[in-house]
Amino acid sequence: METRYNHKEIESKWLKNWDEQKNFKPASDANATAKEQEHFSIVIPPPNVTGALHLGHALNNTIQDILIRYNRKLGKNALWIPGTDHAGIATQAVVEKRLFQDEKKTRHDLGREELVKRIWKWKDEYEARITSQLKLLGSSCDWDRQRFTLDPICAKAVRYAFFNLFKKGFIYRGKRLVNWDTHLHTAVADDEIYHETVKGHFWTFKYPLADGSGYIPVATTRPETILGDTAVAVHPEDERYKKFIGKTLLVPFVNREIPVIADAILVDREFGTGSVKVTPAHDPNDYATGLRHNLPMLNILNEDGSLNENAGEFKGLKGEKARAAVVEGLEKSGLLLKVEDHEMQVGKSDRSKTIIEPYLSDQWFVKMDKLAERAMQAVENGEVKFTPARYAKNYLNWLGEKRDWCISRQLWWGHQIPIWHVEKLRVESGELRVEEILKKCFLNRSDIHFYQAENGDWLVCSLEKDLREDEFEGLNLIRDPDVLDTWFSSALWPHSTMGWPGETEDLKDFYPTSVLVTARDIISLWVARMVIFSQENLGKIPFDNVYINPTILDGLGRRMSKSLGNGVDPLDIIEKYGADALRFVMCSMCTENQEARLPVKKEILEDGREINVSEKFEIGRNFGNKLWNAARFLSSYIVGSGEWGVGSCAKLEDRWVLSRLNTVVRQIQNAFENYRFSEYAAVIYHFVWDDLCSRYLEIKKGEISKESSALLSHSLYTVLDLLHPIMPFITEELNSILFPNSQRVILRQWPKANENLIDAEIEKQFEDIFAIVEVIRSVRGRYSIAPSQKITAVASTSANLENCKNMIKDLSGLSDFEFGENLPKPAFSASAVIAGGEVFVPLEGILNEETEIARLNKEVEKAESFIISLNKKLSNENFVKNAPAAVIDGERQKLATQQDIVEKSKAALKELAAFP
RNA sequence: GGGCGAUUAGCUCAGCUGGUUCAGAGCGUCUGCCUUACAAGCAGAAUGUCAGCGGUUCAAAUCCGUUAUCGCCCACCA
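Residues numbered from 1 in each chain as written. Chains lettered and ligands numbered in written order. Predicted model: local features only at pLDDT ≥ 70, side-chain atom pairs only at ≥ 80, totals over all residues. Heavy atoms only, no water.

This next bit is on a positive patch on the surface. A cluster of like positive charges, contributed by Lys97, Arg129, Arg351, Lys353 and Lys562, occupies part of the molecular surface. Looking at where Arg129 falls in the secondary structure, it is placed in helix H5 (residues 112-137). (Patch = residues over 30% accessible without salt bridge, like charges linked within 9 Å, V, L, I, M, F, W, Y side chains within 5 Å. Areas by Shrake-Rupley, 256 points an atom, 1.4 Å probe, with all protein chains shown as cover. Salt bridge = Lys/Arg side-chain N within 4 Å of Asp/Glu carboxyl O. Lys, Arg positive; Asp, Glu negative; His and termini not counted. Charge placed at Lys NZ, Arg CZ, Asp CG, Glu CD. Helix = DSSP H or I, 4+ residues; strand = E, 2+ residues; numbered from the N terminus.)

With that settled, the discussion passes to helix H9 (residues 369-380). Taking 1.5 Å of rise per residue, the 12 residues of H9 would be expected to cover 16 Å, and the 16 Å separating its terminal C-alpha atoms lies within 8% of that figure. Listed as buried for H9 are Leu371, Ala372, Ala375, Met376, Ala378 and Val379. Down the axis of H9, the buried side of the element spans an arc of 150°, and every buried residue falls inside it. Every exposed residue of H9 that faces more than 90 degrees away from the buried side is listed here: Lys370 and Glu380. Contact partners of the buried residues in H9: helix H6 (152-168), strand S14 (356-366), strand S15 (385-387), helix H10 (391-401) and helix H14 (523-538). Of the residues flanking the end of H9, it is Gly382, one or two places downstream, whose phi is positive at about 85°. (Expected span 1.5 Å × (residues − 1). Buried < 20%, exposed > 50% of the residue type's maximum accessible area, 1.4 Å probe, protein only. Arc of directions from axis to C-beta. Contact = heavy atoms within 4.5 Å.)

Turning our eyes to something else, we now look at the pairing of strand S9 (residues 231-234). Covered by surrounding structure in S9 are Ala231 and Ala233 together with Val232 and Val234, the residues of both alternating faces. Inspection of the sheet shows S9 paired to strand S12 (residues 275-278) by four bridges, in the antiparallel sense. Residue Ala231 lies in a different strand from S12, and its bridge partner there is Val278. The sheet contact formed by S9 and strand S11 (residues 257-262) spans three bridges and is parallel. Residue pairing across strands places Val234 opposite Ala262, the latter belonging to S11. (Pairing = 2+ DSSP bridges.)

Turning next to the sheet that holds strand S6 (residues 186-188). Across the sheet, which stays open at both edges, the four strands sit in the order S6-S5-S14-S16 with antiparallel pairing between neighbours. Only two strands of the sheet have a single partner each, and these edge strands are S6 and strand S16 (405-406). This element, helix H7 (residues 284-293), spans strand S5 (171-181) and S14 of the sheet and lies at about 145° to S5. (Axes fitted to C-alpha atoms, helices over the stretch in contact; angles between N-to-C directions.)

Counted by the stated rule, this structure contains seven cavities of 30 Å³ or more. If you trace the second largest cavity, you find it lined by Leu53, His54, Ala58, Gln133, Leu134, Leu137, Pro570, Leu571 and Ile574. Mapped onto the lining of the second largest cavity, the elements with two or more residues apiece are H5 and helix H15 (570-577). The class makeup of the residues in the lining of the second largest cavity is seven nonpolar, two polar and no charged. (1 Å grid on protein atoms, 1.4 Å probe; cavity = no way out; pocket = protein on both sides within 12 Å on 5 of 7 lines; lining within 4 Å. Points joined across faces, edges and corners; volume = space filled by probe spheres on them. Nonpolar A, V, L, I, M, F, W, Y, C, P; charged D, E, K, R; others polar.)

Read across the open sheet, the four strands follow the order S19-S20-S18-S21; overall the sheet is antiparallel. Edge positions in the sheet fall to strand S19 (448-452) and strand S21 (476-479), since each has one partner strand and no second. Along the sheet, successive strands turn relative to each other by an average axial angle of 30°, direction set aside. When strand S18 (residues 419-423) meets strand S20 (residues 458-462), the two strands line up antiparallel, connected through three bridges. Within S20, the residue paired with His421 across the bridge is Leu459.

Time to look at the pattern of salt bridges. Per the counting criterion, the structure on display carries 69 salt bridges. Ionic pairing is found between Glu401 and Arg403, a salt bridge with its closest N-O pair at 3.9 Å. When the shortest N-O distance is used, the salt bridge between Asp485 and Arg409 registers 3.4 Å. A residue pair is termed long-range when its members are at least 10 positions apart, and Asp485 in the loop between strand S22 (483-484) and helix H12 (486-496) and Arg409 in strand S17 (residues 408-409) qualify at 76 residues.

This part covers the protein's contact with RNA strand B. In the vicinity of RNA strand B lie 68 residues, with Arg4, Phe271, Asn285, Lys616 and Arg632 positioned nearest. Sugar plus phosphate, as a fraction of atoms of RNA strand B within 4 Å of the protein: 61%. The contact in question runs from a base nitrogen of RNA strand B to an N or O atom on the side chain of Glu698, over 2.8 Å. Residues of the surface near RNA strand B, tallied by class, amount to 20 nonpolar, 25 polar and 23 charged. (Near = heavy atom within 4 Å. Polar contact = N/O pair within 3.5 Å; in protein donor to acceptor, adjacent residues only side chain to side chain.)

For the pair helix H24 (residues 849-874) and helix H26 (residues 885-914), interaxial distance at closest approach is 8 Å and the crossing angle is 150°. As judged from the angle between their axes, H24 and H26 are roughly antiparallel. The handedness of the crossing between H24 and H26 comes out as left-handed. (Parallel < 35°, antiparallel > 145°, perpendicular 65-115°, else oblique. Left-handed = near helix turned anticlockwise from the far one by under 90°.)

Turning next to helix H21 (residues 728-738). Counting buried positions along H21 yields nine of 11 residues, so the element is predominantly enclosed. For H21, every residue scored as buried is listed here: Pro728, Phe729, Ile730, Thr731, Glu732, Glu733, Leu734, Asn735 and Leu738. Looking at the buried residues of H21, the elements they touch are helix H1 (7-20), helix H2 (55-73), H5, helix H16 (579-589), helix H17 (616-634) and helix H20 (706-723).

Written out as structure tokens, the structure reads:
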């Protein structure tokens, strides 16, 4: 074995080996009886094929793999399904951007078919990359079950889900105000918008009365929308404007007549002029007002955001130009009253970074009220549990709004909506006739459903078959060109991946899944919708638990992003520190906190490439190396299989290490049960490093007896099991070296805590004795005595240390160690108080009185101030009366200990003073 | 505006049911060591108004209120 752990070869070796041995597959695939086992299943939050994985993915997938490996070792039938998401708008946007950069072409130059072909190519490339990254991380997914949200299996689920919702009336089509991306020409969701504060203006202008008798002053930040105004609203109680209510105004430039209306909801009397222009087709509040007052909704924009024919002379102008032209026009016609600077929020599209326009268009929606209600219940009644629990609120708040979900996107990349519009052109005699024809065609077909939309259009939904334009005589069927919001297929993910709507073995064996591991920013977008669709499609919840992993930020508390250049590439970290190191640090970062900071620094590689790294990963690498070297040392002493029977051990340290080991097993189990991953990492880290290496191994290494070998072997063997979920590669490798005849770690049984071996008394006793070692070491440190230089020590204590004498000698570098009750202090000794006694280290010729006096004084000072507070507490009648007896006893004991320290230290001080 | 969270050592963070883990870990710093598993290491050391204020309690880093600062989510800003 090399003196340093070299992760590279070992990682690729085990990746190959596990894969060849099919170790990532659930037990039930090979063995029918395994179906009876308790299942444990996870479906991966599918990474978007927009790009490579980042550190957030590394964290998310590390946690999933830890859970899968742990439960697999618990003997459960464990399945982790991997896959990727087509990510609709996001992927189309990156490919379109690339297309423009490389070829100066737009999607319209290519056409739908060719563009989609290009996106598939992109998808293939990135899916392969993501898969390879997941593998390098050590993710033990069943790769044979890998899915893609746009693959035929998922597509079938989408068709069935859509058809079902359509048939039940949960899906409707209507003209609604949506967020319109004028660059990508599609509706986008509220959450695909970010807001930017920009410096704009607040223009106040005259809205002239139609009868020429005056005007109402109105202020706006978006003067170009004047052209789409269909009313001006004032507050019904506003004395200034009351008289105008019901009168008619003329829209400047286009001279349309519009009413003055009274609306207490829209109008804030105190704000601006106290009068509001109403543009129902281009503002959400105005839209609502329009509905309240039954106002016309006048669309003044084209799909690309330019003004349309309704804008009259301004037709064709877009954005700032349109605004400037309108302002100029107002000024020229003497209508402009005032211009003020005004800061405002502008919504921009996540994908195109261009301004979002509220835009009235025909879209598809899912009616949310009933569906949301049921999904809320699943969390309220504890069927679905969130960890940390507070995130349930997030979920409930969002669902509580029950806003209908706009599921249509005017894109080319995605699941095309399985709806065919009935073109009326070939129909001879009106609406009734269409309905009759439809009924005639589809009467006995359970796979077709149709209805008439709000606008009178007939819509036909087909479950499986794509309908031809001339499929039925007398009908002309045109497929709806829209695709579904990417979250529609994501919402089906837990069951679509398992083959729903088929009644598959996987659904029987593994559904509902055990836990969903995800980030908090998609609780509403994704988690809630999965619950809804699962309940609707299967009548079951999709997962029992939701674990929300923290968000990784850089050292300054910022999100990692390409534009900031602060992102850490997991592959760089795997390359430099190893996957195990990366995983260990990811696991350590999973505390209850919602954020985890990772200080990032630049590093230039030998090949000149600059990468971002973080010192934090050294912890993981160093830990692996520590374990590696402990194993290397023990490799020649390993005896037996690593199992521990009921060996009798007389020695304190042996009983201690067994107790510690079993305590650790228990602690880790507890950590898993509560999703406390950082605690898991910390517990195993300190057991290996401090208990096993710094203490037990150091005690034993001088002379390793057969019995010790067996116990050391057992400890290490168990550590390999306990650490495997976090650091699978090194543990599997060490196991193959040290215990070549044992079953591989990935598969073998997780250790059980033997409660009989846990002995708090022994652990305490050991700590007391180890304190002697620490006291002597501290003296050595104080006088810079080289480890090679032997010294002697005396312990005045009633404890019988015969059993531990050699251990104390070895660990403290003593040539001689004497102990006994009331032993006198040797001359020129440094002294220190321990539990139930005192330790003396004779240092003739080395001892410095001043150093000792200073140290002892400090001890006394500390103890005395502690005594004051203890006395205060103990003399408090209420404390003695109310506190539990054990606590009072504890305080009394503390007091005695502190008094002992003071007494002994003072005696030592006195003596030092006597020997100048 | 509504909701959630954070503030503990120079840095990154633990600290769960209030008291026997109660002020901790890792990194960094300082001192001494290449002691035959490990210098990616060993031994020792220094460092804190637990954000401020108030309250509850016999007892508060921990519970409550409040202020400040920072962050996130949701809604909205003619």
